[in-house]
Amino acid sequence: MIKSMTGFGRACIEHDEYTITTEIRSVNHRFTEVHVRMPRQLTIIEDKVKRCVTRYIKRGKADVWITIEGETGVERELTVDWGLMDQYVAAHERANERYNVQDPIRYQQLLTFPDIVSIHEKENVSDEFAEKILESVEKAASKLSEMRAEEGKHLREDLNQRLTVIEKILNEVESFAPDVQEAYKERLYKRIKSINDGTVELDEDRILTEVAIFADKCSIDEELIRLKSHLSQFRDILEESEPVGRKLDFLVQEMNRESNTIGSKGNDYSINKNVVQLKSEIEKIKEQVQNIE
């Protein structure tokens, strides 16, 4: 079952003291990338969050947003720069002596001076709080995976329809292929007769040899066989349970190469007209494959 690389998942975990909300959005990408945005004090569990998400996505770029509302239980630490405070006090006393005033300093006032007091949030999240965060991530990632799988169903249906269209085009091209040799033979006869006044006898063997050489150069049998084989492989890969995006991308390149060869060797208006439609369908498949995990 194929999956799309685009999707969205959201989960909310409510506790008596806090609420954790996780949102995950994924888009197309050649590889697997997970970017996490959450409160700075939670970065200690960032790797666990990424591992949790990558259990659900194997390819694509995922952005994870974690927000916390309420009392998080994160420890905060107040730090006083006593050395700097001593300098403020000493400067105040020197100012009293210098200007011969008696202005007592208030320590409440000192605490408001720049850089005296700072509050730091410790990066030691409790096990219970970390488990709740990861539970929220797990639920959001699961919903993301479900959405990607649902989108994958639509992609598979669309791709199968386009493969059917390509099969019809190939059958039509195959039906025109034998006429190319006969049409060339007729054109060759007409050209020779137009420049021959009847005094020179036509060499039938030589003409048939030229037609055979032309038929060999313009034969598209191998390309048609390979293309049909690619279509069969494509359908089989669509049913695989593992991520198949890279396989399909390679297969589409091979299909496009065969269609180009048919276009260059076809040498017939009807064939070339169908090749244009063929390449158009392959291009549409290529665009869809870019979104498959």
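See the structure shown above.
Residues numbered from 1 in each chain as written. Predicted model: local features only at pLDDT ≥ 70, side-chain atom pairs only at ≥ 80, totals over all residues. Heavy atoms only, no water.

1. Details of unusual backbone geometry
Thought 1: The phi dihedral of asparagine 100 falls on the positive side, at around 55°, and the residue is not glycine.
Thought 2: Summarising the element assignment, asparagine 100 is placed in the loop between helix 2 (82–99) and helix 3 (107–110). (Helix = DSSP H or I, 4+ residues; strand = E, 2+ residues; numbered from the N terminus.)

2. A short note on the pattern of salt bridges
Thought 1: All told, the structure shown has 19 salt bridges when counted by the stated rule.
Thought 2: A salt bridge links glutamate 135 to lysine 139; its shortest N-O distance comes to 3.5 Å. Of this pair, glutamate 135 and lysine 139 are both found in helix 4 (residues 127–195), four residues apart, which corresponds to roughly one turn of the helix.
Thought 3: Since its relative accessible area comes to 31%, glutamate 135 is described here as partly exposed.
Thought 4: The class of lysine 139 is partly exposed, set by a relative accessible area of 40%.
Thought 5: Between lysine 228 and glutamate 174 there is a salt bridge, and its shortest N-O distance comes to 2.8 Å. A residue pair is termed long-range when its members are at least 10 positions apart, and lysine 228 in helix 6 (residues 221–238) and glutamate 174 in helix 4 qualify at 54 residues.
Thought 6: Overall, the relative accessible area of 32% leaves lysine 228 in the partly exposed class.
Thought 7: Under the relative-accessibility criterion, glutamate 174 is labelled partly exposed at 37%.
Thought 8: Residues joined in a network through salt bridges with shared partners are Asp158, Arg162, Glu281 and Lys284. (Salt bridge = Lys/Arg side-chain N within 4 Å of Asp/Glu carboxyl O. Buried < 20%, exposed > 50% of the residue type's maximum accessible area, 1.4 Å probe, protein only.)

3. Remarks on the sheet that holds strand 3 (residues 32–37)
Thought 1: Spatial ordering of the open sheet is given by 1-2-4-3, a layout of four strands whose pairing is mixed. Where the open sheet ends on each side, the last strands, each with one partner, are strand 1 (7–14) and strand 3. Between one strand and the next, the sheet's axes are offset by a mean angle of 15°, whatever the strand orientation.
Thought 2: The pairing of strand 2 (residues 18–27) with strand 4 (residues 60–70) spans ten bridges and is classified as antiparallel. Considered in strand 4, the bridge of tyrosine 18 is made with glycine 70. (Pairing = 2+ DSSP bridges. Axes fitted to C-alpha atoms, helices over the stretch in contact; angles between N-to-C directions.)

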